[in-house]
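What follows is each chain in one-letter form.
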Amino acid sequence: MQDQVLQKWVERVSLQYFGLPFRHRASFNGRLKSTGGRYFTKTHDIEISPHQLRNFGEEETEKIIKHELCHYHLHLLKRGYNHRDDDFKQLLAKVGGTRYCKALPAGEKRKAEPFRFKLQCRSCGMEYMRKRRTDPRRYACGKCRGQLVLFQLDFASKT
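Residues numbered from 1 in each chain as written. Predicted model: local features only at pLDDT ≥ 70, side-chain atom pairs only at ≥ 80, totals over all residues. Heavy atoms only, no water.

Peer 1: Sorry, what's going on with the pattern of salt bridges here?
Peer 2: Side chains bearing opposite charge may pair, as long as their charged atoms lie close to each other. With the rule as written, the count across this model stands at six salt bridges. Across the pair Asp-135 and Arg-137 runs a salt bridge, and its minimum N-O distance is 3.1 Å. For Asp-135, a relative accessible area of 28% puts it in the partly exposed group. (Salt bridge = Lys/Arg side-chain N within 4 Å of Asp/Glu carboxyl O. Buried < 20%, exposed > 50% of the residue type's maximum accessible area, 1.4 Å probe, protein only.)

Next comes the structure, spelled out in structure tokens:
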């Protein structure tokens, strides 16, 4: 599904369930993995996760659209648009939106990066594995307070 189709879908849901037009931009964002959608208070745009549509279908995605439209319309009406606000909770229940999106299957989530660096204590030999480069001068061994040395690991050995 393309952004133009999503835009029409959001506009239709807005008129059908809220009785108000959606006059901003709706688009897909493939980087959204742990959330179903986002509403931006400054631009009033909405982003929807295409992974939710692919994994759970149009019915669940429409519930996410309703959720984001609750934020949108309440914010423009200057009423409580946050998750904790009663206005938001009541409107969400009225239109049949979902409070939380379903969790994506394990294969859809980002894969864990391998450790690329190792900090090793000069005194006791304790090892600390790191995914990012760190300055060993800023840290000391948690076991003996000794000096640390940084080693870069090759991708073949993931120890």
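That was the structure; now back to the text.
Peer 1: Help me out: how do you make sense of the side chain of Ser-49 in this one?
Peer 2: Mapped onto the elements of the fold, Ser-49 is located in the loop between β3 (46-48) and α2 (50-76). Setting aside residues up to four positions removed in sequence, Ser-49 forms contacts with Phe-28, Asn-29, Leu-32, Thr-35 and Gly-36. (Helix = DSSP H or I, 4+ residues; strand = E, 2+ residues; numbered from the N terminus. Contact = heavy atoms within 4.5 Å.)

Peer 1: Is there a simple way to explain the sheet that holds strand β5 (residues 127-130) in this structure?
Peer 2: Sheets are built from strands that pair by backbone hydrogen bonding, the pairs being arranged parallel or antiparallel. As summarised here, the arrangement of the three strands in space is β5-β4-β6, forming an open sheet in which the pairing is antiparallel. Two strands close off the open sheet at either side, each with one partner strand: β5 and β6 (148-152). The mean angle between the axes of side-by-side strands here comes to 20 degrees, regardless of whether they run parallel or antiparallel. (Pairing = 2+ DSSP bridges. Axes fitted to C-alpha atoms, helices over the stretch in contact; angles between N-to-C directions.)

Peer 1: Whenever I open this one, the sheet that holds strand β1 (residues 26-28) confuses me. Can you help?
Peer 2: Taken in spatial order, the three strands of this open sheet run β1-β3-β2, and their pairing is mixed. Each of the sheet's edge strands pairs with one partner strand only, and the pair in question is β1 and β2 (37-39). Each adjacent strand pair in this sheet contributes to an overall mean axis angle of 15 degrees, direction not counted. Both β2 and β3 contribute to a ladder of three bridges, which runs antiparallel. Within β3, the residue paired with Tyr-39 across the bridge is Ile-46. Those strands touched by helix α1 (residues 3-18) are β1 and β3, and its axis lies near 135 degrees from that of β1. Sitting on the sheet, α2 touches β1, β2 and β3, and the angle it makes with β3 is about 165 degrees.

Peer 1: Could you clarify how one ought to interpret the packing of α1 against α2 in this entry?
Peer 2: What describes two packed helices is the angle between their axes and the distance between those same axes. The geometry of α1 relative to α2 is characterised by a closest axis approach of 10 Å and an angle of 60 degrees between their N-to-C directions. Considering their axes alone, α1 and α2 lie oblique with respect to each other. Handedness of the crossing formed by α1 with α2: right-handed. Mapping the contact onto sequence places Leu-6, Trp-9, Val-10, Arg-12, Val-13, Ser-14, Tyr-17 and Phe-18 in α1 and Leu-53, Glu-58, Thr-61, Glu-62, Ile-65, Lys-66, Leu-69, Cys-70 and His-73 in α2. Class assignment of the residues belonging to the contact of α1 with α2 gives a composition of ten nonpolar, three polar and four charged. (Parallel < 35°, antiparallel > 145°, perpendicular 65-115°, else oblique. Left-handed = near helix turned anticlockwise from the far one by under 90°. Nonpolar A, V, L, I, M, F, W, Y, C, P; charged D, E, K, R; others polar.)

Peer 1: Even after reading the chapter, I still don't get α2, so can you show me in this structure?
Peer 2: Owing to its 3.6 residues per turn, the α-helix aligns residues three or four sequence positions apart on the same side. With 27 residues, α2 ought to run about 39 Å at 1.5 Å a step, yet its terminal C-alpha atoms sit only 26 Å apart, falling short of that. When the local axis directions of α2 are compared, the greatest deviation, roughly 135 degrees, occurs at Gly-57. N-cap assignment for α2: the residue whose side-chain oxygen lies 3.3 Å from the backbone N of His-51 is Ser-49. Two residues or fewer after α2 comes Lys-78, characterised by a positive phi angle close to 60 degrees. (Expected span 1.5 Å × (residues − 1). Bend = angle between axes of the 7 residues up to and from the residue. Polar contact = N/O pair within 3.5 Å; in protein donor to acceptor, adjacent residues only side chain to side chain.)

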